[in-house]
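Listed here are the chains, written in short residue letters.
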Amino acid sequence: QVQLVESGGGLVQPGGSLRLSCAASGSIFSIYLMGWYRQAPGNQRDLVATITTGGTTAYADSAKGRFTISRDNAKNTVYLQMNSLKPEDTAVYYCNALRTAPLATYWGQGTQVTVSS
């Protein structure tokens, strides 16, 4: 089992910044990809960014140039640095992990990000 705990959400003004954290615990040795998703009220859950164990990153078009995903292997933590935030970034942000042995995917509980003046 893998447990994921997100933190760092909150209320921020347009143009501001937040850094989200996702701490992983449990059977973490076989995790090969982690990512951030977001879901606004009434909408689907959309992929924002991913990072592999090798450090390869990928971003949704809405996040490119503004968001950065990174990891700290010593702390078993993945981060999402969000800059130049817009009202349309308002959503619950979820951390996700893909484990290969055994094959499974895990979700955190989510953290609320609200961008408003």
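Above: the structure in question.
Cut-offs and rules
- Residues take numbers from 1 onward in each chain, read along the sequence in its written order.
- It should be noted that, the model being predicted, local features are given only for residues of pLDDT at least 70 and side-chain atom pairs only at 80 or more, the latter also being counted only at that level, while totals for whole chains, interfaces and linings use all residues.
- The side-chain numbers reported here are obtained from all heavy atoms of the structure, hydrogens and water having been left aside.
- Salt bridge, as used here, is a side-chain nitrogen of Lys or Arg placed within 4 Å of a carboxyl oxygen of Asp or Glu.
- By definition, any uninterrupted DSSP run of H or I lasting at least four residues is a helix, any uninterrupted run of E lasting at least two residues is a strand, and each is numbered from the N terminus.
- The classification of residues rests on relative accessible area computed with a 1.4 Å probe and restricted to protein chains. Under 20% of the type maximum is buried, over 50% is exposed, and intermediate values are partly exposed.
- Pairing between two strands requires that DSSP report at least two bridges joining them.
- Helix axes are fitted to C-alpha atoms over the stretch in contact, other axes to C-alpha atoms as well, and angles between N-to-C directions run from 0 to 180 degrees.
- We call two residues in contact whenever any of their non-hydrogen atoms come within 4.5 Å of each other.

Q: I'd like to hear about the pattern of salt bridges, residue by residue, with values.
A: Enumeration according to the criterion identifies three salt bridges in this entry. For K64, the salt bridge is made with D61, and the minimal N-O distance between the two is 3.3 Å. Among the salt bridges present, the one from D89 reaches R66, with a minimum N-O distance of 2.8 Å. Of the two residues, D89 sits in the loop between β8 (77–82) and β9 (91–100) while R66 sits in the loop between β6 (57–59) and β7 (67–72), which places them 23 residues apart along the sequence. The class for R66 is buried, based on a relative accessible area of 11%. Through salt bridges with shared partners, one network takes in R38, R66 and D89.

Q: Quick rundown of the sheet that holds β7? Include the residues and the values.
A: Judged by pairing direction, the sheet is antiparallel, and its four strands sit side by side in the order β1-β3-β8-β7 without closing on themselves. Edge strands, defined here as strands with exactly one partner in the open sheet, are β1 (2–7) and β7. Strand after strand, the sheet turns through a mean of 15° between neighbouring axes, direction not considered. Note that strand β3 (residues 18–26) and β8 share six bridges and pair antiparallel. Residue L18 lies in a different strand from β8, and its bridge partner there is M82.

Q: A description of the pairing of β1 should follow, citing residues and the corresponding values.
A: Remember that side chains alternate between the two faces of the sheet whenever the strand is regular. Side chains of β1 alternate between two faces, with V2, L4 and E6 buried and Q3, V5 and S7 left unburied. With six bridges connecting them, β1 and β3 associate as antiparallel partners. By the bridge assignment for β3, L4 is matched with A24.

Q: Got a sec to walk through the pairing of strand β10 (residues 103–107)? Specific residues and values, please.
A: As defined by bridge partners, β9 adjoins β10 across five bridges and the pair is classed as antiparallel. Counted as the bridge partner of R99 is A104 from β10. Connecting the antiparallel pair β9 and β10 is a turn made up of two residues.

Q: So, the side chain of R38: which residues are in play, and what are the values?
A: Checked against the element boundaries, R38 lands in strand β4 (residues 31–39). Overall, R38 belongs to the buried group, its relative accessible area being 13%. Dropping the residues within four chain positions of it, R38 is found in contact with Q44, R45, D46, V48, S62, F67, E88, D89, A91, V92 and Y93.

Q: Break down the environment of A40 for me, with residues and values.
A: Note on placement: A40 falls in the loop between β4 and β5 (45–52). Assessed through its relative accessible area of 21%, A40 is described here as partly exposed. In this structure, A40 is in contact with T90 and A91, ignoring residues within four places of it in sequence.

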